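Architecture and fold: a report
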Amino acid sequence: MQSSQRIIFNTGVTYLRFFITIFLAFYTTRITLQVLGVKDFGLYNVIGGIVAMVAFLNTALAQATQRFLSYQIGSNNINEVKKVFANSIIIHGALAIFLLIGLEVVGVYYVNNILNVDPERLSAANLLLQFSIVATVLTIISVPYDALLFAHENMVFIALINLMDALLKFSIAIVLLYLGDTSFDKLEVFGFLIMTAALINRIILQVYVRKKYKEINVGNIFKEYDKSKIKEQASFASWNLLGVLGYIARNNGLALVLNSFMGTRINASYAIGTQISSQARFFSNTLFQAVNPQIIKNEGGNNRNSMVRLGLLGSRYGTLLISLCAIPLIFYIKEILKLWLGEIPEYTAFIATMMLVAVILNQLTSGIETMVYAIGNIKMYSIIVSIIKVLAIPIALFIFYSGVDHSIQLIFLSLIGIEIATFIYRILYAKQKKLLDFSTYYRTVISGIIIPLSVYTIINFLVSQYSPSLPLKILGALLSVIIYVLLIYFLTLEKGTKENLTGIFKTIQKKIQKK
């Protein structure tokens, strides 16, 4: 399969997974909120947020490991692949131990001395913390296996394992629903079952990878220990982690600040807004999961022009894809929340809207970030982006302490400014590294999306404001999607991409006709 066709196929598989898992995730959240209640749901998202935080951590570590694996797979150097994989297991094993100790010390202190929680829920909070720590460790030591699957572009199994994870969490919510009024603490049961789901995923992942890719079965991994490889991988992973920690510190630090000033109820609103924006971000990240290995392999093969082109096209199509779901969510957020949750926590609609706008702005230059990772020079980039992202916390503290009106609105409006600053810095950094200039970025990214996005936004705005009934709003939204897709096909897609899509559809049609 050609690289372009492989990208399209992998993207299609990943989106199929997305649509199934997003439905399960949203319905799972509705049931969990209903069963736990707003306060316990907010409490889980403060403490259980450790698991959500490590989901981002897991992605960052997998990106670092995947870079080295993709590079060596592209050069067909099996011995180097084996060595990179073995040393990544050593690195992540050591990191898991470090995090275990750190979370036991810092986490226990935070829960018992700082966390704003009702005294009668303190015992449940401590137990939930322990379950979250175990899930965290399991997630960290699974990173090399995740990275190998992505490096081999095995999107089918990745889709299956993610679908299984979503089904497990959905099943957990159903179990909670049918527990009814029992002597069991539902929050504690929820934490235990989430931890068990992480354990099941870990076992299945390791068994499959070791059977599928026998070349990485090295027996005693310490025989492949290579100090220079450890140093190289650890250095890249550390700077990559610093960049991701900027996102983590902002998201979770903001949750802690909100909790300190307004309690767990605002955490429920923030958690829902975060979940909506995360699902929207995932909608475009699926494209990069398919494109990233190809970008890195092009850089490894000294094909810089193709690497840059793929990165910019990733920004273009990633923005279009994320906007496909984000823009209707923005304009119909109140109706969607009412249908989804029934009871809408205060500020949820505004928080979700601002976070969706921030996600779209971030996506405009996500391809540039992948290009920076491909060339491997990420130290200064990670430092500056992390500083920009973390600015959300002191800004939030300043707003709260100043006592101004509409503090929540100002805090989440500031996220938009932070994303604009990140956008500007990424362009300047890419120019400094001679990857591109603004005119190249404008021609490849902005000029290809401005008409479809503008038309799509205007239609959704008009429909949301002037349609007198819900059925007409739904009809208008569906019509806007059709127009948006047609505009992308005729104005944005390149000739080669259209031909590849046509070829894939014809192949599928022939297989169906044979059956």
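Read on for a plain summary of the structure. Since the model is a prediction, treat every value here as computed from it, not as a measurement.

Rules of the game
Residues numbered from 1 in each chain as written. Predicted model: local features only at pLDDT ≥ 70, side-chain atom pairs only at ≥ 80, totals over all residues. Heavy atoms only, no water. Helix = DSSP H or I, 4+ residues; strand = E, 2+ residues; numbered from the N terminus. Rg over C-alpha atoms; globule rule 2.2 N^0.38 Å. Buried < 20%, exposed > 50% of the residue type's maximum accessible area, 1.4 Å probe, protein only. Contact = heavy atoms within 4.5 Å. Areas by Shrake-Rupley, 256 points an atom, 1.4 Å probe, with all protein chains shown as cover. Lys, Arg positive; Asp, Glu negative; His and termini not counted. Charge placed at Lys NZ, Arg CZ, Asp CG, Glu CD. Phe/Tyr/Trp six-rings, centres within 6.5 Å; stacked < 30°, edge-to-face > 60°. Core = buried A, V, L, I, M, F, W, Y, C linked by side-chain atoms within 4.5 Å. Axes fitted to C-alpha atoms, helices over the stretch in contact; angles between N-to-C directions. Parallel < 35°, antiparallel > 145°, perpendicular 65-115°, else oblique. Nonpolar A, V, L, I, M, F, W, Y, C, P; charged D, E, K, R; others polar. Patch = residues over 30% accessible without salt bridge, like charges linked within 9 Å, V, L, I, M, F, W, Y side chains within 5 Å. Salt bridge = Lys/Arg side-chain N within 4 Å of Asp/Glu carboxyl O. Left-handed = near helix turned anticlockwise from the far one by under 90°.

Brief notes about the overall build of the protein chain
In terms of helices and strands, the protein chain carries 19 helices and 0 strands. Taken against the 2.2 N^0.38 rule, which gives 24 Å for 515 residues, the C-alpha radius of gyration of the protein chain at 23 Å falls within 12% of a compact globule. Taken over 515 residues, the protein chain has a buried fraction of 53%. Of all intrachain contacts in the protein chain linking residues separated by at least 6 positions in sequence, the fraction that spans at least 24 positions is 85%. Here the protein chain displays about 23600 Å² of accessible surface, and carbon together with sulfur accounts for 65% of that area. Across the protein chain, the mean location of the 43 positive side-chain charges is 11 Å away from that of the 25 negative side-chain charges.

Things to note about the packing of aromatic side chains
Taken as a whole and judged by the stated rule, the model has 20 aromatic pairs. When the ring of Tyr270 is compared with that of Phe412, the centres are 5.8 Å apart and the planes differ by 50°; the resulting orientation is tilted. Separated by 142 residues along the polypeptide, Tyr270 in helix α9 (residues 264-300) and Phe412 in helix α16 (residues 407-432) bring together distant segments of the chain. Taking the relative accessible area as the measure of exposure, Phe412 reaches 0% and is therefore buried. Between Phe331 and Phe461 the ring centres are 6.1 Å apart and the planes differ by 65°, which places this aromatic pair in the edge-to-face class. Highlighted residues: Phe331 in helix α10 (residues 304-331) and Phe461 in helix α17 (residues 438-466), separated in sequence by 130 residues. Ring pairs connect the aromatic residues Phe423, Phe438, Tyr441 and Tyr442, which therefore count as one cluster.

So, the nonpolar core
One broad trend across soluble globular proteins is that nonpolar side chains are buried collectively. Counting 118 residues, the largest nonpolar core has Ile276, Phe412, Leu436 and Tyr441 as the members making the most contacts within it. Sorting elements by how many residues they give to this core places α10 first, with 13 residues. Here Leu436 is in contact with Val308, Leu312, Ile368, Met371, Ala430, Lys431 and Tyr441, once residues within four sequence places are set aside. Membership of the second largest hydrophobic core comes to 25 residues, among which are Val117, Leu129, Ile172 and Ala197.

Here we look at the packing of α10 against helix α18 (residues 470-492)
Running from amino to carboxyl end, α10 crosses α18 at an angle of 170°, the nearest separation of the two axes being 11 Å. One finds that α10 runs roughly antiparallel with respect to α18. In this structure, α10 contributes Arg316, Tyr317, Leu320, Ser323 and Leu324 to the contact, and α18 contributes Val481, Tyr484, Ile488 and Thr492. In terms of residue class, the contact of α10 with α18 is made up of 6 nonpolar, 2 polar and 1 charged.

Describing a nonpolar patch on the surface
Where nonpolar side chains cluster on the molecular surface, the patch consists of Ile450, Ile451, Val455, Ile482, Leu486, Tyr489, Phe490 and Leu491 and spans about 740 Å² of accessible area. Put simply, the parts of the chain that give the nonpolar patch at least two residues each are α17 and α18. By residue number, the principal contributor to the nonpolar patch is α18, which donates 5 residues. With respect to the helices and strands, the residue Tyr489 is situated in helix α18.

Things to note about unusual backbone geometry
At Glu153, a residue that is not glycine, the phi angle is positive and equals roughly 55°. The residue Glu153 is located in the loop between α5 (143-151) and α6 (155-179) in this model. Glu153 sits in the buried class, given a relative accessible area of 6%. Within the chain, His406 stands out as a residue other than glycine whose phi angle is a positive 55°. Within the secondary structure layout, His406 lies in the loop between α15 (392-402) and α16. Residue classification places His406 among the exposed residues on the basis of a relative accessible area of 58%.

Digging into the environment of Val134
Position of Val134 among the secondary structure elements: in helix α4 (residues 122-141). Taking the relative accessible area as the measure of exposure, Val134 reaches 37% and is therefore partly exposed. Between the alpha carbons of Val134 and Leu321 there is a distance of 35 Å; along the sequence they are 187 residues apart.

Topic: the pattern of salt bridges
According to the stated counting rule, one finds 12 salt bridges in the structure shown. Here Asp118 ties to Lys39 by a salt bridge, and the two come within 3.6 Å at their closest N and O atoms. Note that Asp118 is positioned in the loop between α3 (78-113) and α4 and Lys39 in helix α1 (residues 3-47), a separation of 79 residues in sequence. Judged by relative accessible area, Lys39 falls into the partly exposed class, the value being 41%. Linking Arg426 and Glu369 is a salt bridge whose minimum nitrogen-to-oxygen distance equals 3.2 Å. Taken together, the positions of Arg426 in helix α16 and Glu369 in helix α13 (residues 366-375) put the pair 57 residues apart, joining distant regions of the chain. As far as the burial class goes, Arg426 and Glu369 line up, both buried. A network of salt bridges, in which partner residues are shared, links Asp40, Arg121 and Asp185.

What to know about the environment of Leu179
Positionally, Leu179 belongs in helix α6. On the accessibility criterion, Leu179 (22% relative accessible area) is partly exposed. Each C-alpha atom of the pair Leu179 and Val189 lies 10.0 Å from the other, and the pair is 10 residues apart in sequence. Not counting the four nearest positions on each side in its chain, Leu179 is found in contact with Phe184, Lys186 and Val189.

Notes on the packing of α6 against helix α7 (residues 186-212)
Relative orientation of the contacting elements α6 and α7 amounts to 160°, with a least axis distance of 10 Å. Of the possible angle classes, the one that applies to α6 and α7 is roughly antiparallel. Both α6 and α7 take part in a crossing whose hand is right-handed. Where α6 abuts α7, its residues Phe157, Ile161, Met164, Asp165, Leu168, Lys169, Ile172, Val175, Leu176 and Leu179 lie against Lys186, Val189, Phe190, Leu193, Ile194, Ala197, Ile200, Asn201, Ile204, Leu205 and Tyr208. Of the residues contributing to the contact of α6 with α7, the split by class is 17 nonpolar, 1 polar and 3 charged.

What about the environment of Leu176?
Its place among the elements puts Leu176 in helix α6. The class for Leu176 is buried, based on a relative accessible area of 0%. Not counting the four nearest positions on each side in its chain, Leu176 is found in contact with Val35, Lys186, Val189 and Phe190.

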